[in-house]
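Close look at the chain arrangement
So the chains spell out like this:
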Amino acid sequence: MSEDVLIVGAGPAGISSAYYLDRAGIRYRAVDQARAIASTWAHLYPSLRLNTAGFVSHLPGKRIPLRYGVYPLGRDYYRYILDYMRDHQFNIDLGVTVTRVAPDNGGWRVDTDQGSSWHPCVIIASGRFGKPYLPTIPGAESFTGTYIHAHDFHDPADFADQRVVVVGNGPSGVDIALALLDHARQPITLAIRSDIVVARQYSYGLPNTVWQLIAKRLPQRWRKPFINRVNYQTYPGLEELGLPLAPNRDDRVGTSAPVRGAGFVEAVRDGMITPAAGLDRLEPDAAILMDGTRVPADAVIMCTGYRPVLDYLAIDYATDADGWMIRAADDSQAVQGHAGLYLVGRFYRGLGPLYNIRQEAQIAVREIGAYLARAQAGAAMESSGEN
């Protein structure tokens, strides 16, 4: 007998969904094309840290150890995931590629490279970071150096003594530029197409997550002004560093999250990182910026974001501006117009994606339980009517 729910993805979103399905007693199976659990977290560069506090970023039912600090390293978070998995016996199969998910007979037909199965419900938990986005850059095919997406940046030592251009105005771009300081040739060029917000890691002495928790207790009309006040507390003298600072933090040109921490400010002030105009095109041995500046380069690292991993869906669906499926309602994880299809792992707002994943998984499983109960009741009524 097929499971009631098929989960696509075995990262934090899929794991959280499995946890709540287990607790609800709902039969499920999770699959992931990778051969390692939470594969995105298994291949991170050594210095990467969570940009949300560990005390709200845990998986359901188990806190992240306090010894990992307020902002755990990515490798420590992955170690925590592996410990978590040893505590549970989830029904997860790795190395399984989903090729098609389509409506079928009141449920969902899921085709994989290992066969086909039918399920009343499907949870899309294939993650935010599985499909790197590389914009079309003229001349990229003729560039003779290393040209990669941030997704493929694993070891800064690979760029020893190289002239590196990092493209991106968000936390990933800045993190990678800082990680390169002990290896690549300085200065490292940080190409910023739009604008950038630089904020303190500990606004008024507290991590941003604490301020978010405080804001949740305020009346709705006060929350945004309060968060803007504390979330964007910055450093003096930024105007003198050549950074394209956002003129209005509430109405920005760019969309990336704030860059946090004094390390970046100090690196720019000391000339180790040079902020520059956005990338326009590439030549065989150089990056040409939007202001016409030619920067000799041995490597270009594109921190240009990701797109949803939804290619396997054989349905029409409405999307938001970021390409994600629109939900049936603000307080629902059901996909609009498609009964039995749910999305977990979408939202980045507030206390951050890892916190939101727990909430989304819990909501989705609650909705699935109600959906299956209605379907069972309907089948029972139909059967009794026939008799």
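Residues numbered from 1 in each chain as written. Predicted model: local features only at pLDDT ≥ 70, side-chain atom pairs only at ≥ 80, totals over all residues. Heavy atoms only, no water.

Taking 1.5 Å of rise per residue, the 13 residues of helix α3 (residues 74–86) would be expected to cover 18 Å, and the 19 Å separating its terminal C-alpha atoms lies within 8% of that figure. Every buried residue of α3 is accounted for by Gly74, Asp76, Tyr77, Tyr78, Tyr80, Ile81, Tyr84 and Met85. (Helix = DSSP H or I, 4+ residues; strand = E, 2+ residues; numbered from the N terminus. Expected span 1.5 Å × (residues − 1). Buried < 20%, exposed > 50% of the residue type's maximum accessible area, 1.4 Å probe, protein only.)

Here we come to the sheet that holds strand β20 (residues 341–343). On the basis of which strands lie adjacent, the open sheet formed by five strands has the order β3-β2-β1-β7-β20 and parallel pairing. Strands at the two margins of the open sheet, each flanked by one partner only, are β3 (92–94) and β20. Strand-to-strand twist of the sheet, defined as the mean angle between neighbouring strand axes without regard to direction, takes the value 20°. As defined by bridge partners, strand β1 (residues 5–8) adjoins strand β7 (residues 121–124) across four bridges and the pair is classed as parallel. Paired with isoleucine 7 across the bridge in β7 is isoleucine 123. (Pairing = 2+ DSSP bridges. Axes fitted to C-alpha atoms, helices over the stretch in contact; angles between N-to-C directions.)

Looking now at a nonpolar patch on the surface. The grouping of Phe55, Val70, Tyr202 and Leu213 at the surface amounts to a nonpolar patch, some 300 Å² of accessible area in total. Structurally, leucine 213 is set in helix α5 (residues 208–215). (Patch = residues over 30% accessible without salt bridge, like charges linked within 9 Å, V, L, I, M, F, W, Y side chains within 5 Å. Areas by Shrake-Rupley, 256 points an atom, 1.4 Å probe, with all protein chains shown as cover. Salt bridge = Lys/Arg side-chain N within 4 Å of Asp/Glu carboxyl O.)

Between helix α1 (residues 12–24) and α3, the shortest axis-to-axis distance is 12 Å and the interhelical angle comes to 25°. Considered as vectors, α1 and α3 are oriented roughly parallel to each other. In terms of crossing hand, the pair formed by α1 and α3 is left-handed. Counted together, Pro12, Ile15 and Tyr19 of α1 and Tyr77, Ile81, Tyr84 and Met85 of α3 form the full contact between these two elements. Tallied by class, the residues present in the contact of α1 with α3 amount to seven nonpolar, no polar and no charged. (Parallel < 35°, antiparallel > 145°, perpendicular 65-115°, else oblique. Left-handed = near helix turned anticlockwise from the far one by under 90°. Contact = heavy atoms within 4.5 Å. Nonpolar A, V, L, I, M, F, W, Y, C, P; charged D, E, K, R; others polar.)

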